[in-house]
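The lines below spell out each chain.
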Amino acid sequence: MSRHSVDLEPAFILSQRPYRDSSRLLEVLTLHHGRIGLVARGVRARKSRLGAGLQSFAPMLLSWRAAGELGTLRAAEPRGPAVPLSGERIFYGWYLNELLLRLLPRDDPHPVLYALYETLLPQLTDGDAQAQIALRLFEKRLLADLGYALNLPLSLDPRRRYRFEPDSGPIADGDGISGASLIALRDERFDSIEVLRDARRVLRTALRAHLGDRELTSARLLRELRRSQ
């Protein structure tokens, strides 16, 4: 079993849940080590200063001792302010985190993906169109970084319509998505409501091929919130 210490690693906390009497289990996205699991011992105790600083959507510097599947958190300090997500926007943040938890294997560094998360997360607080663009960019580039890049060839015809298949890409279909929208998605030009809507359809289809049939909790909770309002 490899034992070593990591000091002051840039990181974001993706999820945390209670563990035993006073600890938490953390799932963390790190710059150089990918997604890892950590035990934060004693942080639920009333006098724990470490526990109060363990926030989602906040850039942090974490230090831990690694030994097997789960490391032990030794220290945590802020690297900047938390992104102030509220209302429906907090579900957007949970959605990004849940995608990483479901699709990113542990101990597999993805520094480009880490930088993308750090860049796009603050954009979720912008206007609705910009927040939606940030979500679509994250989905598209996440798939590409994991080796599942969308198959959107240069031969797409903007005047035709296509059905998108995750394995084979666009197939000509008179009832499908416009070639113009697929070209815009390929080139990351989200300049209209129609393009954003079609991009969401394509990316949802592509993600489902890797997520399986189990619904994302963040999407279900957001839907339930909207129904209750």
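These numbers were taken from a predicted model, which means no experiment stands behind them. (Residues numbered from 1 in each chain as written. Predicted model: local features only at pLDDT ≥ 70, side-chain atom pairs only at ≥ 80, totals over all residues. Heavy atoms only, no water.)

1. Remarks on the nonpolar core
So, step 1. In terms of nonpolar packing, the biggest core is built from 51 residues, with Leu-100, Tyr-117, Leu-121, Phe-138 and Leu-150 touching the most fellow members.
So, step 2. At the level of elements, β1 (3–19), α2 (88–103), α3 (111–120), α4 (128–145), β6 (161–165), α5 (179–187) and α6 (193–211) are the ones that each hand at least two residues to this core.
So, step 3. Leaving out residues up to four positions away in the same chain, Leu-100 has contacts with Leu-14, Leu-29, Arg-35, Leu-113, Tyr-117, Phe-138 and Leu-142. (Core = buried A, V, L, I, M, F, W, Y, C linked by side-chain atoms within 4.5 Å. Buried < 20%, exposed > 50% of the residue type's maximum accessible area, 1.4 Å probe, protein only. Helix = DSSP H or I, 4+ residues; strand = E, 2+ residues; numbered from the N terminus. Contact = heavy atoms within 4.5 Å.)

2. Describing the side chain of Arg-136
So, step 1. Looking at the element boundaries, Arg-136 is found in helix α4.
So, step 2. Side chain to side chain, Arg-136 and Glu-139 meet in a polar contact 2.8 Å long.
So, step 3. Residues in contact with Arg-136, not counting those within four places in the same chain, are Phe-190, Leu-196, Ala-199, Arg-200 and Leu-203. (Polar contact = N/O pair within 3.5 Å; in protein donor to acceptor, adjacent residues only side chain to side chain.)

3. Topic: the sheet that holds strand β5 (residues 70–78)
So, step 1. One closed barrel accounts for five strands, arranged β1-β2-β3-β5-β4; its pairing is mixed. Geometrically, the sheet is characterised by an average inter-axis angle of 55° between neighbouring strands, direction not taken into account.
So, step 2. Where strand β4 (residues 60–67) and β5 come together, six bridges link them in antiparallel fashion. Residue Trp-64 lies in a different strand from β5, and its bridge partner there is Leu-73.
So, step 3. Sheet strands in contact with α2 are β1, β2 (23–30) and β3 (34–40), and its direction is about 115° off that of β1.
So, step 4. Relative to the sheet, α3 contacts β1 and β2, its axis offset from that of β1 by approximately 55°. (Pairing = 2+ DSSP bridges. Axes fitted to C-alpha atoms, helices over the stretch in contact; angles between N-to-C directions.)

4. Comments concerning α4
So, step 1. Helix length check: α4, at 18 residues, gives a terminal C-alpha distance of 26 Å against a target of 26 Å (1.5 Å per residue), a fit within 8%.
So, step 2. Summarising the contacts, the buried residues of α4 are in contact with α2, α3, α5 and α6.
So, step 3. Trailing α4 by a residue or two, Gly-147 shows a phi angle of about 95°, which is positive. (Expected span 1.5 Å × (residues − 1).)

5. Some remarks on the sheet that holds strand β7 (residues 169–172)
So, step 1. In space, the three strands of this open sheet follow the order β7-β6-β8, with antiparallel pairing throughout. If you trace the sheet from one side to the other, it starts and ends with β7 and β8 (177–178), each paired once.
So, step 2. Two elements, β6 and β7, share four bridges in a ladder whose sense is antiparallel. Each bridged residue has a counterpart across the sheet, and for Tyr-162 the counterpart in β7 is Ala-172.

6. A few points about the environment of Leu-156
So, step 1. Relative to the helices and strands, Leu-156 resides in the loop between α4 and β6.
So, step 2. Sequence spacing of Leu-156 and Ile-183 is 27 residues, and the spatial spacing of their C-alpha atoms is 6.8 Å.
So, step 3. Once residues lying within four places of it in the same chain are set aside, the contact partners of Leu-156 are Tyr-162, Pro-170, Leu-182, Ile-183 and Arg-186.

7. Let's talk about unusual backbone geometry
So, step 1. Here Leu-8, not a glycine, exhibits a phi torsion of approximately 55°, which is positive.
So, step 2. Its place among the elements puts Leu-8 in strand β1.
So, step 3. Despite not being glycine, Glu-188 shows a phi value in the positive range, around 55°.
So, step 4. Classification of Glu-188 as partly exposed rests on a relative accessible area of 25%.

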